[in-house]
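# Survey of secondary and tertiary structure
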Amino acid sequence: ETGVTQTPRHLVMGMTNKKSLKCEQHLGHNAMYWYKQSAKKPLELMFVYSLEERVENNSVPSRFSPECPNSSHLFLHLHTLQPEDSALYLCASSTRLGTTNEQFFGPGTRLTVL
Amino acid sequence: ILNVEQSPQSLHVQEGDSTNFTCSFPSSNFYALHWYRWETAKSPEALFVMTLNGDEKKKGRISATLNTKEGYSYLYIKGSQPEDSATYLCASFSGAGSYQLTFGKGTKLSVIP
């Protein structure tokens, strides 16, 4: 148990659906992250939040919309996704932003877009 | 090197063997190097965060070294056990003002009992 939970663990959705991924951390951390792992690719950073403010957005398509209502919760809202968006989506947190702060990961949501 | 490269991509070792694998990263604007261990169906877990050239860190049977001048890190596992089977990821921070960890694709280790 890393102290970071994600729901749902598996999600199948059609291209016209709207769904949300949820991440919660019980560690009192101030920074939270969304990562994507596609098949045979390394983990790719999507979004970074620090104290509920977005500080980095890596040219992610607008069909992915993050939300951080407080420092313990992070959402990824999904709409009109494409089949190539099928991937493992991981949430992570760290005590604060910084290069030496290890990140604590959730178990991920396996997303399939039909 | 623009990306983080890990080798080998996968390896199989017998229980009790020692093994090591490599992470190569951009040496310019280096800030930190992270190692994570990722077991199947679980969350990645941090092993080490390293910043200083020549640094060596150890956790049980696992150790890591860092060469920031030439841009590589080695991860060593002594006396591999089946529970060491996992994918080992390295990631580097480089570039001022960025909070992005750039990950390698990982080395998948299988320890055969």
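Below you will find a few notes about this structure. (Residues numbered from 1 in each chain as written. Chains lettered and ligands numbered in written order. Predicted model: local features only at pLDDT ≥ 70, side-chain atom pairs only at ≥ 80, totals over all residues. Heavy atoms only, no water.)

### As for the overall build of chain A
Of regular secondary structure, chain A possesses zero helices and eleven strands. In sequence order, chain A lays out its α and β elements as β-β-β-β-β-β-β-β-β-β-β. For chain A, the proportion of its 114 residues judged to be buried stands at 49%. Residue pairs in contact within chain A that sit at least 24 positions apart in sequence constitute 54% of those at least 6 positions apart. Accessible surface, chain A as shown: approximately 5300 Å² in total, 49% of it carbon and sulfur. The average position of the 11 basic charges and that of the 10 acidic charges among the side chains of chain A differ by 8 Å. (Helix = DSSP H or I, 4+ residues; strand = E, 2+ residues; numbered from the N terminus. Buried < 20%, exposed > 50% of the residue type's maximum accessible area, 1.4 Å probe, protein only. Contact = heavy atoms within 4.5 Å. Areas by Shrake-Rupley, 256 points an atom, 1.4 Å probe, with all protein chains shown as cover. Lys, Arg positive; Asp, Glu negative; His and termini not counted. Charge placed at Lys NZ, Arg CZ, Asp CG, Glu CD.)

### A short note on the interface of chain B and chain A
On the chain A side, the residues contacting the 22 residues of chain B number 25 residues. Buried area between chain B and chain A, both sides added, is near 1800 Å², and the carbon and sulfur share of it is 64%. Of all residues in chain B, Trp38, Tyr99 and Phe103 of chain B bury the most surface against chain A, accounting for 31% of the area lost on that side. Linking chain B to chain A there are zero salt bridges. At the surface where chain B touches chain A, the tally comes to four residue pairs in polar contact (both at pLDDT 80 or more). Secondary-structure elements contributing two or more residues to the side of chain B that touches chain A are strand S4 (30-38), strand S5 (45-50), strand S9 (86-94) and strand S10 (101-103) of chain B. (Buried area = accessible area lost by both parts, 1.4 Å probe. Salt bridge = Lys/Arg side-chain N within 4 Å of Asp/Glu carboxyl O. Polar contact = N/O pair within 3.5 Å; in protein donor to acceptor, adjacent residues only side chain to side chain.)

### Side note on the pairing of S4 of chain B
All names here are of chain B. Most of S4 sits out of view: eight of its nine residues are buried. In the sheet, S4 pairs with S9 via eight bridges, with the strands oriented antiparallel. Considered in S9, the bridge of His34 is made with Ala91. In this sheet, S5 lies alongside S4 in antiparallel orientation, the contact comprising five bridges. Each residue of the ladder has a partner; that of Trp35, found in S5, is Phe48. (Pairing = 2+ DSSP bridges.)

### Comments concerning the pattern of salt bridges
Between side chains of opposite charge, pairing is possible as soon as their charged atoms come close. Residues and elements named next belong to chain B. Following the criterion strictly, the structure yields four salt bridges over all chains and no others. Between Lys42 and Glu39 there is a salt bridge, with its nearest N and O atoms 4.0 Å apart. With a relative accessible area of 46%, Lys42 lands in the partly exposed category. Across the pair Asp84 and Arg61 runs a salt bridge, and its minimum N-O distance is 2.8 Å.

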